[in-house]
Amino acid sequence: MKPALPNGLHPSGPLSPPPPEYTLECDADLIAGVDEGNSVTFTVQAPVSKAGQTFSYIIRNLNADDVVGGQITSTVTLDQQGKGHLVVTLAEDRLTEGREVFNIEFPGLPGLDLNVVVNDTSVTSLNFSSTIGETLLESADDVTFVGVVNRGGGFNSSTLLT
C-alpha cells in the first residue's frame, strides 16, 4: 500500500516548482549599470511552441529623449527558437542627471520585468582662470557657480540651481 502524501510531495521530498514559462534576461551588468551612449540587449525566452507570438513592452522611468530613436513602447516577436530580442540604446544627452534606473516591463506577461541602472556620463565642468580676490560667476546647463578666489589659491564657493 502506498502512503498518502500531501499534495506536491514526493517520497524523496518536495518537488521543485516547474521553471517559468517565460524569462527575461539582458546583457548588462545590473549592479554596475550601463553608461549613457551604450546599448542593452534584452532577450525574452519562451517554449518553442510559443514561436511567432508578439508581446508589447514599455520602458518606465526614462523619457523618450533618453532613448535613441525615442521609442519607449513597442513589441517583440518570438523567433522559431522561442526567443525575442530587443535592443535599447541609451542617449548620450550631455545633461548632468546622475544615476537613473529604468524598468522594462511586458504588461501581457505579469512579473516579466527588469531594472537597469544608467550611469550618467554627461558631467558638466566649468573652466576659468582668475586672480586672488576675484569673484567668479559661471553657468552651465541649469547650474550657476559663484566663487571668490582666496589667498591660498583655492576658492570659497556656492552653487545655485536656476
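Residues numbered from 1 in each chain as written. Predicted model: local features only at pLDDT ≥ 70, side-chain atom pairs only at ≥ 80, totals over all residues. Heavy atoms only, no water.

### Regarding the pattern of salt bridges
This structure, assessed with the given rule, holds two salt bridges. The partner of Glu21 in a salt bridge is Lys50, and the shortest N-O contact between them spans 3.4 Å. Within this pair, whereas Glu21 is found in the loop between β2 (13-14) and β3 (23-26), its partner Lys50 is found in the loop between β5 (39-45) and β6 (54-60), the two being separated by 29 residues in sequence. For Glu21, a relative accessible area of 44% puts it in the partly exposed group. The salt bridge partner of Arg60 is Glu105, with a shortest N-O separation of 3.0 Å. (Salt bridge = Lys/Arg side-chain N within 4 Å of Asp/Glu carboxyl O. Helix = DSSP H or I, 4+ residues; strand = E, 2+ residues; numbered from the N terminus. Buried < 20%, exposed > 50% of the residue type's maximum accessible area, 1.4 Å probe, protein only.)

### Examining empty space enclosed by the protein
For the coordinates displayed, the defined rule picks out one cavity of 30 Å³ or more. Empty space within the largest cavity amounts to approximately 40 Å³. If you go around the largest cavity, the residues you meet are Glu36, Leu62, Asp66, Leu90, Ala91, Asp93, Glu97, Glu100 and Val118. Split by residue class, the lining of the largest cavity holds four nonpolar, no polar and five charged. (1 Å grid on protein atoms, 1.4 Å probe; cavity = no way out; pocket = protein on both sides within 12 Å on 5 of 7 lines; lining within 4 Å. Points joined across faces, edges and corners; volume = space filled by probe spheres on them. Nonpolar A, V, L, I, M, F, W, Y, C, P; charged D, E, K, R; others polar.)

### With respect to the sheet that holds strand β4 (residues 34-35)
Strand order across the open sheet formed by five strands is β4-β10-β9-β6-β7, with mixed pairing between neighbours. Of all strands in the sheet, those with a lone pairing partner are β4 and β7 (73-77), marking the two edges. Note that β4 and strand β10 (residues 113-119) share two bridges and pair parallel. Opposite Val34, over in β10, you have Val118 as the bridge partner. (Pairing = 2+ DSSP bridges.)

### Digging into the pairing of strand β9 (residues 100-105)
It is a general feature of regular strands that their side chains alternate between the two faces of the sheet. Direction of pairing for β6 relative to β9: antiparallel, over a ladder of three bridges. Across the sheet, Ile59 pairs through a bridge with Ile104, a residue of β9. Pairing analysis gives six bridges linking β9 to β10, with the strands arranged antiparallel. What sits directly across from Val101, in β10, is Val117.

Function-wise, these values are silent; they only describe arrangement.
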